[in-house]
Amino acid sequence: ENGGAACQATVDTRPCGTDPCPVDCHMDAWAEWGPCGATCGGSTQSRTRAILVSPENGGAACQATVDTRPCGTDPCPVDCQMDAWTEWGPCGATCDGSTQARSRAILVSPENGGAACQATVDTRPCGTDPCPVDCHMDAWAEWGPCGATCGGSTQSRTRAILVSPENGGAACQATVDTRPCGTDPCPVDCHMDAWAEW
């Protein structure tokens, strides 16, 4: 007062908090899951997300940008696998019809809904030609009467065909048989002339 020296400032300021503020990481939402690497037997699929704001000045770090998970974990179907057919086996008969068979082994059995196995045995007709039928003949009948009692003749006997041959069967033999008979010479009586005159 009264011309005395004026007062100086009653407030003084200085800078502070000059360090830059931390910036936390900011990430986008996860994208959809990508395709699975396999439909069975086990694989993985992944998804990603982008970094929208990178961390600065000691801000919170970013988390993973890629995520994976198992997929296609169902066991794969296993189709049946079969060996080649064997050769055809022997025919059950050479004629009048039979069957012969062949087979094949199962190398890999089906699993988890795989294709089923086909038949392991196959058959087909064989020996379908008719069998030969041999001739069958009755026994010989008794010898018939001789045509003469002397001087030579023949007598015969016969036999019937009971079963005729078919399909190349054995042919029939003779149905008639003959043999000589009455072969003794006939007696010759004496023949005399008439009496001469006395």
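The rules behind the values
Residues numbered from 1 in each chain as written. Predicted model: local features only at pLDDT ≥ 70, side-chain atom pairs only at ≥ 80, totals over all residues. Heavy atoms only, no water. Helix = DSSP H or I, 4+ residues; strand = E, 2+ residues; numbered from the N terminus. Rg over C-alpha atoms; globule rule 2.2 N^0.38 Å. Buried < 20%, exposed > 50% of the residue type's maximum accessible area, 1.4 Å probe, protein only. Contact = heavy atoms within 4.5 Å. Areas by Shrake-Rupley, 256 points an atom, 1.4 Å probe, with all protein chains shown as cover. Polar contact = N/O pair within 3.5 Å; in protein donor to acceptor, adjacent residues only side chain to side chain.

This paragraph deals with the overall build of the chain. For the chain, the helix and strand inventory stands at 0 helices and 12 strands. The secondary structure elements of the chain, listed N-terminal to C-terminal, are β-β-β-β-β-β-β-β-β-β-β-β. Compactness check: the chain gives a C-alpha radius of gyration of 62 Å against a globular reference of 16 Å for 198 residues, more than 25% above the reference. Sorting the 198 residues of the chain into buried and exposed places 10% on the buried side. Excluding contacts between residues fewer than 6 apart, the proportion of contacts in the chain whose partners are at least 24 apart in sequence is 61%. In the form shown here, the chain has an accessible surface area of approximately 15400 Å², with 51% of it arising from carbon and sulfur atoms.

Within the element layout of this structure, aspartate 79 appears in the loop between strand E4 (66–71) and strand E5 (81–82). Once the C-alpha coordinates of aspartate 79 and alanine 116 are considered, the two residues, 37 residues apart in sequence, prove to be 6.7 Å apart. Those residues in contact with aspartate 79, other than ones at most four positions away along the chain, are Val108, Pro110, Gly114 and Ala115. Here the side chain of aspartate 79 touches alanine 115 through a polar contact of 2.8 Å, landing on its backbone nitrogen.

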